[in-house]
Amino acid sequence: MPGQRDFRRSNLALFAAGIATFVLLYSTQGLLPLLAADLSLTPGQASWTASAATLGLALGLLPASALSDRFGRTAVMTGSMVAASLIAVALPFAPGLTTLVALRAVQGAALAGLPATAMAYLAEEVHPSALASAMGLYVAGNSIGGMGGRLVAGWSAAVWGWRWGLVASALLALAATVAFRLLIPPARHFRRTPVDARALRRTVGSHLRNPLLLRLYGLGLLFMAVFGAVYNTVGFRLIAAPFHLPQSVAASIFVVYLVGTASSAGAGRLVARLGRRGALYTAIGCTTAGLLLSLTDSLPGALLGLVLITAGFFAGHATASSAVGRTATHGRAQASALYLIAYYLGNSLGGTLGADAYHAVGWPGSAAVGLTAMALAAGVTLYATRRAIAARRSAAVGTLPV
């Protein structure tokens, strides 16, 4: 419960875990223009160093969630962070794109043990009344890690080159891993279960037959597609015409993640005030407004657009991810894993499509990818709203006297 020592420690530990995860997962995203220039790559080719990690993570999530059911949440999270950090130490020595992409895919798979397990840990250990708040703080750690990792890597790379940027990311992630291990309380409500492939298939099948979970998975994919399309290409845009910012200044753009920290931490209050669908409509509207505003050639306008995109994205993700934990009545680790599979597949898809669209027509192409995703997200949420209204009307009719 909020106010208890273990509640504070678990929040701080998962905050550190979120930092380590996103420092490692997006360690190359702020370096894409430098990678493209040094290795003679197109934006689409360079973006694969970011997309490969999220793709590897998506593919590893279900096996990792099964291992967490067998060996425990904290053991799997710790092993995942240590393995991914060690791979990070090897990344600066990659001789070229092929090796770098392969190592990033393996690193993403190694990281898979943390995200779904962390969500299951919170769902099991935190009182339901505080789950949205705790999940928001975890997502806030993700945003701090995303910001800090990109800033440290980008600033280091601007001075010494992209390989030293990767070194800086590895050191930051190792420090966060140590903090997590020292802080995380033991799981008191975890019940060990054997790894059973048939039981896993049944659990996954039941989740995939749940309409509400399917809608939440779709929303996670669509929000993350916007994130990938925007953040895989914003660095290229800022160093090109009409802005012509130096690399060190362009790397500083990731300070807008602080907005994501605030919006994700406040998602619980937004849901309490507007309900889940109201919070989702707000997140979709904020993200869409940011995408439209980002089309301006005015630097202040473009930056304000990025702020709105970031705020809307993190609010939408925190709302959808916390709803998964409340909706799943069994197999929470697998339910969370399926959400994150969709989420990170959305990142890989949006990042690749956004980078290719940017290469073809510039920033309007990347923005169009994001706007399409938000239009689909609005459609999913509107469908859920109409279903809920119809269900309430049916229930009301059922209570009328015959």
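First, a word on what this report is: a plain description of the structure on this page. Position labels on residues start from 1 in each chain and follow its written sequence. In keeping with the model being predicted, local features are shown solely for residues with a pLDDT of at least 70 and side-chain atom pairs are shown and tallied solely at 80 or more, while totals for entire chains, interfaces and linings include all residues. Side-chain descriptors were evaluated using all non-hydrogen atoms of the structure, hydrogens and water having been removed beforehand.

**Considering the pattern of salt bridges**
Line of reasoning, step 1. Any Lys or Arg side-chain nitrogen found within 4 Å of a carboxyl oxygen on Asp or Glu counts as a salt bridge. Within the structure shown, the criterion is met by two salt bridges.
Line of reasoning, step 2. Note that Arg237 and Asp297 form a salt bridge whose closest N and O atoms lie 3.9 Å from each other. Here Arg237 is found in helix H11 (residues 234–239), whereas its partner Asp297 is found in the loop between helix H14 (267–293) and helix H15 (299–327), with 60 residues between them in sequence.
Line of reasoning, step 3. We call a residue buried when its accessible area falls under 20% of the maximum for its residue type, exposed when it is over 50%, and partly exposed in between, using a 1.4 Å probe and counting protein chains only. Classification of Arg237 as buried rests on a relative accessible area of 7%.
Line of reasoning, step 4. According to the relative accessible area criterion, Asp297 is exposed, its value standing at 57%. Put simply, DSSP H or I for four residues or longer makes a helix, DSSP E for two residues or longer makes a strand, and each gets a number counted from the N terminus.

**Comments concerning the layout of surface pockets**
Empty space among the atoms becomes apparent when a probe as large as a water molecule is rolled across them.
Line of reasoning, step 1. In this analysis the probe radius is 1.4 Å and the grid spacing 1 Å, with only protein atoms considered; a cavity is a set of points the probe fits into but cannot get out of, a pocket is an open set with protein on both sides within 12 Å along at least five of seven lines, and lining residues have an atom within 4 Å of a point. Grid points are joined across faces, edges and corners, and a volume is the space filled by probe spheres set on the points. In this structure, the second largest pocket occupies an estimated 200 Å³ of space.
Line of reasoning, step 2. Residue lining of the second largest pocket: 13 residues in total, with Met1, Gln4, Asp6, Phe7 and Glu125 positioned closest to the centre.
Line of reasoning, step 3. Mapped by element, the contributors of at least two residues to the lining of the second largest pocket are helix H1 (5–25) and helix H6 (115–125).
Line of reasoning, step 4. Of the residues forming the lining of the second largest pocket, the biggest block, three residues, is contributed by H1.
Line of reasoning, step 5. Across the lining of the second largest pocket, the residue classes tally to six nonpolar, four polar and three charged. Residue polarity is assigned by list, with Asp, Glu, Lys and Arg as charged and Ala, Val, Leu, Ile, Met, Phe, Trp, Tyr, Cys and Pro as nonpolar; anything else, Gly included, falls into the polar class.

**Concerning the side chain of Ser85**
Line of reasoning, step 1. Within the element layout of this structure, Ser85 appears in helix H4 (residues 73–90).
Line of reasoning, step 2. Note on definitions: a residue-residue contact is assigned when non-hydrogen atoms from the two residues lie within 4.5 Å. Setting aside chain neighbours within four positions, we find Ser85 in contact with Leu24, Ala173, Leu174 and Thr177.

**A few points about the packing of aromatic side chains**
Line of reasoning, step 1. Whether two aromatic rings pair depends on their centres lying within 6.5 Å, for rings of Phe, Tyr and Trp, where Trp uses its six-membered ring; planes under 30 degrees apart make the pair stacked, over 60 edge-to-face, and the rest tilted. Per the counting criterion, the structure on display carries 10 aromatic pairs.
Line of reasoning, step 2. Taken together, a centroid distance of 4.8 Å and an interplanar angle of 70 degrees make the contact between Phe313 and Phe314 edge-to-face.
Line of reasoning, step 3. Here Phe314 falls in the buried class, since its relative accessible area comes to 1%.
Line of reasoning, step 4. Members of the aromatic cluster, each reached through a chain of ring pairs, are Phe22, Tyr26, Phe227, Tyr231, Phe254, Phe313, Phe314, Tyr339, Tyr343 and Tyr344.

**Some details on the packing of helix H3 (residues 43–71) against helix H5 (residues 97–111)**
Each pair of packed helices gets described by two things: the angle between the helix axes and the distance between those axes.
Line of reasoning, step 1. Axis separation between H3 and H5 bottoms out at 6 Å; the angle between their running directions is 25 degrees. Between H3 and H5, the angle falls in the class roughly parallel. Viewed along their axes, H3 and H5 form a crossing whose handedness is right-handed. Residues Gln45, Trp48, Thr49, Ala50, Ala52, Ala53, Gly56 and Leu57 of H3 form the contact with H5, whose own contacting residues are Leu97, Leu100, Val101, Arg104, Ala105, Gly108, Ala109 and Leu111.
Line of reasoning, step 2. For the contact of H3 with H5, the class distribution of residues is 11 nonpolar, four polar and one charged. A fitted line through C-alpha atoms serves as each axis, taken over the contacting stretch for helices, and the angle formed by two N-to-C directions is quoted from 0 to 180°. In this scheme, roughly parallel covers angles under 35 degrees and roughly antiparallel covers those over 145, while 65 to 115 is roughly perpendicular and the rest are oblique. Rotating anticlockwise by less than a right angle from the far helix to the near helix defines a left-handed crossing, while the corresponding clockwise rotation defines a right-handed one.

**Some details on a nonpolar patch on the surface**
Line of reasoning, step 1. Here, patches come from residues exposed beyond 30% relative accessible area and free of salt bridges, joined within 9 Å for like charges and within 5 Å for nonpolar side chains (Val, Leu, Ile, Met, Phe, Trp, Tyr). For the area figures, the Shrake-Rupley method with a 1.4 Å probe applies, and any residue is considered shielded solely by the protein chains shown. There is a patch of nonpolar side chains on the surface, built from Trp48, Leu55, Leu59 and Leu345 and spanning about 360 Å² of accessible area.
Line of reasoning, step 2. Take the nonpolar patch: its biggest share by element is three residues, from H3.
Line of reasoning, step 3. Structurally, Leu55 is set in helix H3.
Line of reasoning, step 4. Residue classification places Leu55 among the partly exposed positions, given a relative accessible area of 31%.

**Observations concerning the nonpolar core**
Line of reasoning, step 1. For our purposes a nonpolar core is just a set of buried Ala, Val, Leu, Ile, Met, Phe, Trp, Tyr and Cys residues, chained together by side-chain atoms within 4.5 Å. Counting residues in each nonpolar core, the largest one holds 111 residues, and the members touching the most others are Leu14, Leu122, Tyr231 and Tyr344.
Line of reasoning, step 2. Ranked by residues supplied to this core, first place goes to helix H10 (residues 211–231) with 12 residues.
Line of reasoning, step 3. Not counting the four nearest positions on each side in its chain, Tyr344 is found in contact with Phe22, Leu25, Tyr26, Thr54, Leu57, Ala58, Leu61 and Met224.

Limitation: the analysis is restricted to geometry and does not speak to function.
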